[in-house]
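Coordinate inspection notes
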Amino acid sequence: MEEKKVEYKTPAEAIDTAQETLKKIEPENPEPKKEKKKLSLAAQIFIAMVLAIIVGLCMQNVASVADSYIKPFGTIFLNLIKFIIAPIVLFSILAGVISLSDIKKIGMIGGTTLIYYLCTTACATTIGLIFAYLFRGAFPMLSTSGVSYEGAEATSVMDTIVNIFPSNFLTPITDANMLQIIVMALIIGFAIILVGEKAAPAVKAVNVCNDIFMKCMEMILKLSPIGVFCLLCPVIADNGPSIIGSLAIVLVCAYIAYIVHMVVVYSTTVKVLGHMSPLKFFKGMMPAMLFAFSSASSVGTLPINMECTEKMGASKEVASFVLPLGATINMDGTAIYQGVCTVFIAACYGITLTPQQMVTVVLTATLASIGTAGVPGAGPIMLSMVLASVGLPIDGIALVYGIDRIFDMGRTTVNITGDASCTMIVSYMQKKREEKAAAKKSA
């Protein structure tokens, strides 16, 4: 049987014939596949927080059940976060240092970061003092008789400097000492850069390890809503409306100061220095802020903070350096807490702080944020240093220590938001420097 040959006069006719054949095979208006819309991580965490509050309030009469059977799952989640933090900080900073491949550039980023952190911490303490004095007349006059508090011994400046440098390769990782891990990563990263081409296998190994631990982080973060519920529910069950008691005004004062600092200081710096919309910034930061509020852990929020800043356009190299450093030494929320609690404790003892004492509070709180770096429960330790600097009784910490967890939730949120604002600003500045350098080379 002879095949029927089809001849085309022009290429256009061939195309028209092919299109007609396709129309016969495929339907003209195929139904688009409906993609299931997944809830964002921020929405999932928010729902988990609301459920935790409702369930916690319902379990006030059986708070021990929440502590015994719900809290352990929250602890498991925090343990997983803590497990991944040290390798993520080590390998992300290593990868960042290697990719920058210029020691001078790293020095510029580090210097800018430290200056920003110190300036915002000073602003935070000042805002805390201002709002504390505005609320001073409304503060409850609690009795100080029989009040006692055993403050932790403050670390001296020289001891802090010595403790920054590790004496063992594994100890900083097993102890999760962030400053020592950062120093270790910088030293190894600089060495890899200086070795040059011979270190190519090491560069590949670092990048592969970084990718592996980042994937681990993604897996763990998918459990965030469950972790948030299990961490927050027992806190609500234990405290409930009892937190709205004699110290309600102090809490309200601190939280107003937290919000004002974030809205005014971070919005201004992100807009002016980072050329970024504050609304876009806070919207992008919502998952990390909600997680920080419920977990009250700056270091624990580090993985999700990295994810949020990178999604907003921050350089991965900058984020991997600035955020771990900020989680260790940047304590804007804690600085606000110092200002509010110092004025409140002074009021309870019938003492009015002088302008000179207030300046001392600002300076001490700013420097103490570095002095207590990496210390668990840094808030009360910093507060004891501030109280001692202005001659107030350290025993006064006992007046607010009972609700420190409630203070901590807000101050942690401020701390990690400050870290992210610095990341966005430094990343923008670094991009501009690179653009100028590229323009000079091409000229």
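Here, every reference points to the structure presented above.
The following refers to the structure shown.

Rules behind the numbers
All residue numbers refer to positions counted from 1 along the written sequence of the respective chain. Given that this is a predicted model, residues contribute local features only at a pLDDT of at least 70 and side-chain atom pairs are listed and counted only at 80 or more, while totals for whole chains, interfaces and linings are drawn from all residues. Only heavy atoms go into the side-chain values, all of them from the structure, while hydrogens and water stay out. The definition of a nonpolar core used throughout is a set of buried Ala, Val, Leu, Ile, Met, Phe, Trp, Tyr and Cys residues joined through side-chain atoms within 4.5 Å. Whether a residue is buried, partly exposed or exposed follows from its accessible area with a 1.4 Å probe, protein chains only, as a fraction of its type maximum: under 20%, in between, or over 50%, in that order. Every helix listed is a DSSP run of H or I at least four residues long, and every strand listed is a run of E at least two residues long, numbered separately from the N terminus. Stacked, edge-to-face and tilted are the three classes for Phe, Tyr and Trp ring pairs, Trp counted by its six-membered ring, which pair at centre distances within 6.5 Å; planes under 30 degrees apart are stacked, over 60 edge-to-face, the rest tilted. Any Lys NZ or Arg CZ found within 6 Å of a ring centre and within 35 degrees of that ring's normal is scored as a charge over the ring. The span expected for a helix works out to 1.5 Å for each residue beyond the first. Working definition for bend: take the seven residues up to and ending at a residue and the seven starting at it, fit an axis to each, and measure the angle between the axes.

Nonpolar side chains in soluble globular proteins tend to end up buried together. Counting residues in hydrophobic clusters, the biggest one holds 122 residues, and the most contacted among them are Phe281, Met285, Phe344 and Phe407. Considering every element that reaches this core, the biggest residue donor is helix H3 (residues 63–100), with 18 residues.

So, about the packing of aromatic side chains. How two aromatic rings sit relative to each other is set out by the distance from centre to centre and by the angle between their planes. In total, this model carries 7 aromatic pairs according to the counting rule given. Ring plane angle 75° and centroid distance 5.1 Å describe the contact between tyrosine 255 and tyrosine 258, whose orientation is recorded as edge-to-face. One end of the pair is tyrosine 255 and the other is tyrosine 258, both in helix H10 (residues 248–272) and 3 residues apart, which spans about a single turn. Taken together, a centroid distance of 5.2 Å and an interplanar angle of 70° make the contact between phenylalanine 281 and phenylalanine 282 edge-to-face. Residue phenylalanine 281 is classed as buried on the basis of its relative accessible area, which comes to 0%. Of the residues examined, phenylalanine 282 reaches a relative accessible area of 17% and is grouped as buried. Its end group placed over the ring of tyrosine 337, arginine 411 keeps NZ or CZ at 4.3 Å from the ring centre.

Our focus in this paragraph is H3. The first and last C-alpha atoms of H3 sit 51 Å apart over 38 residues, in line with the 56 Å expected at 1.5 Å per residue. At lysine 71, H3 shows its maximal bend, which comes to roughly 40°, and the proline proline 72 appears one to four places after that position. Just beyond H3, the residue with positive phi is serine 101, at close to 50°.

Everything listed here is a matter of geometry and, on its own, says nothing about what the molecule does.
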